[in-house]
Amino acid sequence: MSVAYHWGIARDLGEGDEWPQVWEKVAAADIVLLATPIWLGHPASLCQRVLERLNADISETDEEGRQLPYGKVGLVAVVGNEDGAHKVSADLFQGLNDLGFSLPPGAVTYWVGEAQQGTDYQDLDKTPEAVAATTKTLAANAVHLATLLQGTPYPPS
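Keep in mind the model is a prediction, meaning the values are calculated, not measured.

Overview of helix α3 (residues 85-99)
In step 1: Here α3 is 15 residues long and its end C-alpha atoms lie 21 Å apart, about the 21 Å a rise of 1.5 Å per residue gives.
In step 2: Where α3 is concerned, the buried positions are A85, V88, S89, L92, G95, L96 and L99. Taken end-on, α3 shows its buried residues confined to a sector of 125°, consistent with a single buried face.
In step 3: Contacts made by the buried residues of α3 are with β1 (31-39), β2 (42-43), α2 (45-54), β3 (73-80) and β4 (108-112).
In step 4: Just past α3, the residue G100 takes up positive phi, approximately 110°.

Right under this line is the structure:
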């Protein structure tokens, strides 16, 4: 999906900015997944830009005084050919938490190929068993937490 995201931390940065349509989907979602490759030991710049755009609403609250993402579950998926999935997920976890998302246990799934090799995740014949099992647990934990948060929201601030 090619989406035009302007730089900045506003909900709408004018003509050609497609973020308002993306924000509508985030606002309607119970579970939000940030997926990124590892680039030079960091999340991709587009992933960082998504966090920055979400930051536009960090001071916005619902009628009970809660940040808008309260009650939404945040998840992370990371791929790469080098070590660094834990560092990248930690960076994204902090951003999601600062924005008000809740993280279930095991809120990340990742695949990191052998260092200095050319194999990408998309080139694998099948998903490795450990990655598939982790992803299944991630999904189950996310749905469980989202269901709990729908039935029992966080108390007002």
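Quick word on the sheet that holds β3
In step 1: An order of β2-β1-β3-β4 is seen for the four strands of this open sheet, with the pairing classed as mixed. Strands at the two margins of the open sheet, each flanked by one partner only, are β2 and β4.
In step 2: By the bridge criterion, seven bridges tie β1 to β3 in an arrangement that is parallel. Paired with V32 across the strands is G74, a residue of β3.
In step 3: Relative to the sheet, α2 contacts β1 and β2, its axis offset from that of β1 by approximately 145°.

A short note on the packing of aromatic side chains
In step 1: In the structure shown here, the tally under the stated rule is two aromatic pairs.
In step 2: When the centroid spacing of 5.5 Å and the interplanar angle of 65° are considered together, the rings of Y70 and Y154 count as edge-to-face. Highlighted residues: Y70 in the loop between α2 and β3 and Y154 in the segment after α4 (129-151), separated in sequence by 84 residues.
In step 3: According to the relative accessible area criterion, Y70 is partly exposed, its value standing at 34%.
In step 4: Classification of Y154 by relative accessible area gives partly exposed; the value is 33%.
In step 5: Judged by centre distance (5.7 Å) and plane angle (55°), the ring pair of W111 and Y121 falls under tilted. Placement of W111 in strand β4 and of Y121 in the loop between β4 and α4 is noted, with a sequence separation of ten residues between them.

Quick notes on the layout of surface pockets
In step 1: Quantified by volume, the second largest pocket comes out at close to 210 Å³.
In step 2: Counting residues per element, the ones that place at least two in the lining of the second largest pocket are β1 and β3.

Notes on the nonpolar core
In step 1: Formed by 21 residues in total, the largest nonpolar core has its most connected members in V26, L34, L54, V78, L92 and F101.
In step 2: Within the residue set of this core, elements represented by two or more residues are α1 (19-28), β1, α2, β3 and α3.
In step 3: A total of five residues in this core trace back to one element, the largest contributor, which is α3.
In step 4: Counting eight residues, the second-largest nonpolar core is a separate cluster that includes A107, L138, L145 and L149.

Points about the packing of α2 against α3
In step 1: Two elements in contact, α2 and α3, have axes whose closest approach is 10 Å; the angle formed by their N-to-C orientations is 15°. When the axis of α2 is compared with that of α3, the two are roughly parallel. Every pair of crossing elements has a handedness; the one defined by α2 and α3 is left-handed. Contacts between α2 and α3 involve C47, L51 and L54 from the first element and L92, G95, L96 and L99 from the second.
In step 2: Broken down by class, the residue content of the contact of α2 with α3 amounts to six nonpolar, one polar and no charged.

Re empty space enclosed by the protein
In step 1: In total, this model carries one cavity of 30 Å³ or more according to the counting rule given.
In step 2: Estimated volume of the largest cavity: approximately 30 Å³.
In step 3: Surrounding the largest cavity, W23, L54, D57, P69, L99 and F101 form its lining.
In step 4: For the lining of the largest cavity, the class distribution of residues is five nonpolar, no polar and one charged.

Parameters and conventions
- Residues numbered from 1 in each chain as written.
- Predicted model: local features only at pLDDT ≥ 70, side-chain atom pairs only at ≥ 80, totals over all residues.
- Heavy atoms only, no water.
- Helix = DSSP H or I, 4+ residues; strand = E, 2+ residues; numbered from the N terminus.
- Expected span 1.5 Å × (residues − 1).
- Buried < 20%, exposed > 50% of the residue type's maximum accessible area, 1.4 Å probe, protein only.
- Arc of directions from axis to C-beta.
- Contact = heavy atoms within 4.5 Å.
- Pairing = 2+ DSSP bridges.
- Axes fitted to C-alpha atoms, helices over the stretch in contact; angles between N-to-C directions.
- Phe/Tyr/Trp six-rings, centres within 6.5 Å; stacked < 30°, edge-to-face > 60°.
- 1 Å grid on protein atoms, 1.4 Å probe; cavity = no way out; pocket = protein on both sides within 12 Å on 5 of 7 lines; lining within 4 Å.
- Points joined across faces, edges and corners; volume = space filled by probe spheres on them.
- Core = buried A, V, L, I, M, F, W, Y, C linked by side-chain atoms within 4.5 Å.
- Parallel < 35°, antiparallel > 145°, perpendicular 65-115°, else oblique.
- Left-handed = near helix turned anticlockwise from the far one by under 90°.
- Nonpolar A, V, L, I, M, F, W, Y, C, P; charged D, E, K, R; others polar.

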